[in-house]
Amino acid sequence: MTHPGIELCGSTVLKAVTDGQVHADAICALEAEFPADAVTAIMDLTVEAEAFGAEVRFSENAIPNIVGRLVTDADSVAALAVPSLDAGRVKEYLKANRIVASRIKDKKVFGGCIGPFSLAGRLFDLSELMMAMYIEPETVTMLLEKCTAFITSYIQAMKETGIDGVVLAEPAAGLVSNDDCYSYSSVYVRRIVDAVQDESFSVILHNCGNTGHCTDAMIRSGAAALHFGNRADMVEALRVCPPDLPVLGNIDPVGILQQSSPETVYSAVSELLDKTSGYANFILSSGCDVPPRTPFENIKAFYKALAEYNEKD
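Source: prediction; values computed, not measured. (Residues numbered from 1 in each chain as written. Predicted model: local features only at pLDDT ≥ 70, side-chain atom pairs only at ≥ 80, totals over all residues. Heavy atoms only, no water.)

Student: Just checking my understanding: could you explain the packing of aromatic side chains for this structure?
Tutor: For any pair of aromatic rings, the description consists of the separation of the ring centres together with the inter-plane angle of the planes. Inspection of every chain in the model, using the stated rule, returns five aromatic pairs. Consider the rings of F52 and F150, whose centres lie 5.5 Å apart with planes at 70°: the pair is edge-to-face. Taken as a pair, F52 in helix α4 (residues 47–52) and F150 in helix α9 (residues 137–160) lie far apart in primary sequence, 98 residues in all. Looking at F52, the relative accessible area reads 8%, which means it is buried. Judged by centre distance (5.2 Å) and plane angle (75°), the ring pair of F302 and Y303 falls under edge-to-face. Judged by its relative accessible area of 8%, F302 falls in the buried class. Since its relative accessible area comes to 14%, Y303 is described here as buried. Pairwise contacts between aromatic rings join F34, F296, F302 and Y303 into one cluster. Between R220 and the ring centre of Y182, over which it is positioned, the NZ or CZ distance is 3.7 Å. (Phe/Tyr/Trp six-rings, centres within 6.5 Å; stacked < 30°, edge-to-face > 60°. Helix = DSSP H or I, 4+ residues; strand = E, 2+ residues; numbered from the N terminus. Buried < 20%, exposed > 50% of the residue type's maximum accessible area, 1.4 Å probe, protein only. Lys NZ or Arg CZ within 6 Å of the ring centre and 35° of its normal.)

Encoded structure:
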């Protein structure tokens, strides 16, 4: 939840995604206003693709979008260079992480990064990538190797800023089968996890495309925690996940948090907490990034429901 912090600062999404200081100020403003147990960077899934050379369309108060395809076949993938950390807006995101880590000491601070399969989809076009998995899988794996190399170096740089972990967003991996999610996502996520995760730094794997069919592949990634979107059955996810694996989710960020009333938010949160009460590894969260223009009264209702539930224990 970072976009509401931008609004608390009287700034714009455009400024926050291009200026690390504005981004950090938004996170800190939000932390001062709401009692979250951790703070996170914006889930901007264009930063890494832009670093590779993809075209990004910006607007004042909307999340950036990738325009067109950067690579189209084996030859263009082979010619694609793994970018340095000086490319695009990477330095601004590292700057935001560094500032927040220096300011917020009493709770966990998480950066954000796209996952390898989702990044490959941004570079190759997701529909084309999914077809290529069956027509030219060697091209897909070659692209995933390059995506994984860059993501690993990027997260290692995040780790050096002093933050406590990263939310690795793999929404596109929820659009394929469990076997394909494992082969084309979790195998590569596991390599990232093995390179960066330790006792002081955690990878939270986010997959809001998962409806429950690829939870097994997510578990096999080795990530320290799993984050589910609102399309998943939270109780079923908890049932199949190991009891010592933190499982986060999954209030609908648009349909509930942004577009409904405070009363509806309160009821939805209370219902989810009641349903998951038998699982000590459950952590309440939105199902994905809280979007711009989410009413503050709805956010307050979210925390009110949580506080009143905890008071019953």
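After that view of the structure, there is still more to cover.
Student: Is there a simple way to explain a nonpolar patch on the surface in this structure?
Tutor: Taken together, the side chains of M131, Y134 and I135 define a hydrophobic patch exposed on the protein surface, amounting to about 380 Å² of accessible area. Within the fold, I135 resides in helix α8 (residues 126–135). (Patch = residues over 30% accessible without salt bridge, like charges linked within 9 Å, V, L, I, M, F, W, Y side chains within 5 Å. Areas by Shrake-Rupley, 256 points an atom, 1.4 Å probe, with all protein chains shown as cover. Salt bridge = Lys/Arg side-chain N within 4 Å of Asp/Glu carboxyl O.)

Student: Quick question: what am I supposed to make of the packing of helix α7 (residues 116–124) against α8 here?
Tutor: A pair of packed helices is captured by two measures, namely the crossing angle of their axes and the spacing between those axes. Contact geometry for α7 and α8: axes closest at 7 Å, N-to-C directions at 110°. As judged from the angle between their axes, α7 and α8 are roughly perpendicular. Taken as a pair, α7 and α8 cross one another with a handedness that is right-handed. Touching F117, A120, G121 and F124 of α7 are L126, E128, L129, A132 and M133, all from α8. Tallied by class, residues from the contact of α7 with α8 come to seven nonpolar, one polar and one charged. (Axes fitted to C-alpha atoms, helices over the stretch in contact; angles between N-to-C directions. Parallel < 35°, antiparallel > 145°, perpendicular 65-115°, else oblique. Left-handed = near helix turned anticlockwise from the far one by under 90°. Contact = heavy atoms within 4.5 Å. Nonpolar A, V, L, I, M, F, W, Y, C, P; charged D, E, K, R; others polar.)

Student: Just checking my understanding: could you explain the side chain of H206 for this structure?
Tutor: Relative to the helices and strands, H206 resides in strand β6 (residues 202–207). You can call H206 buried: its relative accessible area is 1%. For H206, the residues in contact, after removing those within four places along its chain, are M43, V167, L168, A169, E170, P171, H227, G287 and C288.

Student: Whenever I open this one, the pattern of salt bridges confuses me. Can you help?
Tutor: Pairing between side chains of opposite charge can happen when their charged atoms approach one another. Evaluation of the coordinates by the stated rule reveals twelve salt bridges. A salt bridge links D194 to R190, with the nearest nitrogen and oxygen atoms 3.5 Å apart. Separated by four residues within a single helix, D194 and R190 lie in helix α10 (residues 178–196), roughly one turn from each other. Residue R190 is classed as partly exposed on the basis of its relative accessible area of 38%. E271 is paired through a salt bridge with K275; the nearest N and O atoms lie 3.2 Å apart. Linking E271 with K275, this pair stays in helix α14 (residues 262–275), spanning four residues, or about one helical turn. On the basis of relative accessibility, which here comes to 51%, the residue K275 falls in the exposed class. Here the residues in one salt-bridge network are D44, E50 and R89, joined through shared partners.

Student: When you look at unusual backbone geometry in this model, what are you seeing that I'm missing?
Tutor: Most of the time, phi is negative for any residue but glycine, and the peptide bond is trans. Omega for the peptide link from G249 to N250 comes to -20°, which places this bond in the cis form. The phi dihedral of D125 is positive, around 85°, even though this residue is not glycine. Of note, D125 is situated in the loop between α7 and α8. Positioned with a positive phi, R293 is a non-glycine residue whose angle comes to about 65°. With respect to the helices, strands and loops of the structure, R293 is situated in the loop between β9 (282–286) and α15 (296–311).

In short, shape yes, function no, at least from these values alone.
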